[in-house]
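Inside the fold
Chain by chain, the residues run as shown.
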Amino acid sequence: MADLSSREVEKAELAFSIYDADGTNVIDAVDLGNVLRALNLNPTNATIEKLGGTKKKGEKLMKLDEFLPIYSQCKKDKEQGCYEDFVECLKLYDKQENGTMLAAELSHTLLSLGEKLSDPEVDQCLKDCLDPEDEDGFIPYAPFLRRLCGKAEEE
């Protein structure tokens, strides 16, 4: 790919190989979003579907040479949210303007707004990324988002 550096191609090949279950340089298209997210991209479900991802396992297979142009295109896509965008969104729930919000509001937001997550997806997300609630049920949302977006801790 002319617009991907050799380092980006190498990273893409590694991420692709993780989802290549049998070593045939082919992944199930249901894993397209996972591979892109492993490469620090945040495509929406609609974008993934538009790029050739499927919702059911076994519907379509994708080779590495088919994936690389998709990766390149997705890197250019401006429809992705980023850490800073998500912080701005969660500030709307920060009533005390101190960097915290109710954990219950975060859970409700993930379940009901935008590309809604399922209960098990929210449970896993909160389990993996959320700091413990304080005695009033508040959590700091910036560390949660940093973990969720794969950003390094910034102090």
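As a reminder, the structure under discussion sits directly above these lines.
Residues numbered from 1 in each chain as written. Predicted model: local features only at pLDDT ≥ 70, side-chain atom pairs only at ≥ 80, totals over all residues. Heavy atoms only, no water.

1. Some points on helix α7 (residues 119–129)
Residues lying three or four places apart along an α-helix face the same way, a consequence of the helix completing one turn every 3.6 residues. Those residues of α7 that fall on the buried side of the exposure criterion are Val122, Cys125, Leu126 and Cys129. Along the axis of α7, the buried positions cluster into a sector of 95°, meaning they face one direction only. Residues of α7 that are exposed and point more than 90 degrees away from the buried face comprise Pro120, Asp123 and Lys127. Lining the buried residues of α7 we find α6 (103–112) and α8 (141–149). (Buried < 20%, exposed > 50% of the residue type's maximum accessible area, 1.4 Å probe, protein only. Helix = DSSP H or I, 4+ residues; strand = E, 2+ residues; numbered from the N terminus. Arc of directions from axis to C-beta. Contact = heavy atoms within 4.5 Å.)

2. Structural notes on the packing of aromatic side chains
All told, the structure shown has two aromatic pairs when counted by the stated rule. Between the aromatic rings of Phe16 and Phe67, the centroid separation amounts to 5.6 Å while the plane-to-plane angle is 40°, which identifies the pairing as tilted. Residue Phe16 is located in helix α1 (residues 6–18), and its partner Phe67 is located in helix α4 (residues 64–76); the two are separated by 51 residues in the primary sequence. For Phe67, a relative accessible area of 0% puts it in the buried group. Every member of this aromatic cluster is reached through a ring pair, and the members are Phe16, Phe67 and Tyr71. (Phe/Tyr/Trp six-rings, centres within 6.5 Å; stacked < 30°, edge-to-face > 60°.)

3. Notes on unusual backbone geometry
Phi at Asn25 takes a positive value of approximately 60°, unusual for a residue other than glycine. Along the chain, the position of Asn25 falls in the loop between α1 and β1 (26–28). Of note, Glu97 is a non-glycine position whose phi angle comes to about 50°, a positive value.

4. Some thoughts on the side chain of Asp94
Tracing the chain through its elements places Asp94 in the loop between α5 (83–91) and β3 (100–102). At 7.6 Å, Lys91 is the nearest oppositely charged side chain to Asp94, a buried residue that forms no salt bridge. Within polar-contact distance, the side chain of Asp94 engages the backbone nitrogen of Gly99 at 2.7 Å. Those residues in contact with Asp94, other than ones at most four positions away along the chain, are Gly99, Thr100 and Tyr141. (Lys, Arg positive; Asp, Glu negative; His and termini not counted. Salt bridge = Lys/Arg side-chain N within 4 Å of Asp/Glu carboxyl O. Polar contact = N/O pair within 3.5 Å; in protein donor to acceptor, adjacent residues only side chain to side chain.)

5. Comments concerning the nonpolar core
With 21 residues, the main nonpolar core has Leu32, Leu36, Leu39, Met62, Phe67, Leu68 and Tyr71 as its most contacted residues. At the level of elements, α1, α2 (32–38) and α4 are the ones that each hand at least two residues to this core. The element that contributes the greatest number of residues to this core is α4, accounting for six residues. In this structure, Tyr83, Leu90, Ala103 and Cys149 belong to the second largest nonpolar core, which totals 16 residues. (Core = buried A, V, L, I, M, F, W, Y, C linked by side-chain atoms within 4.5 Å.)

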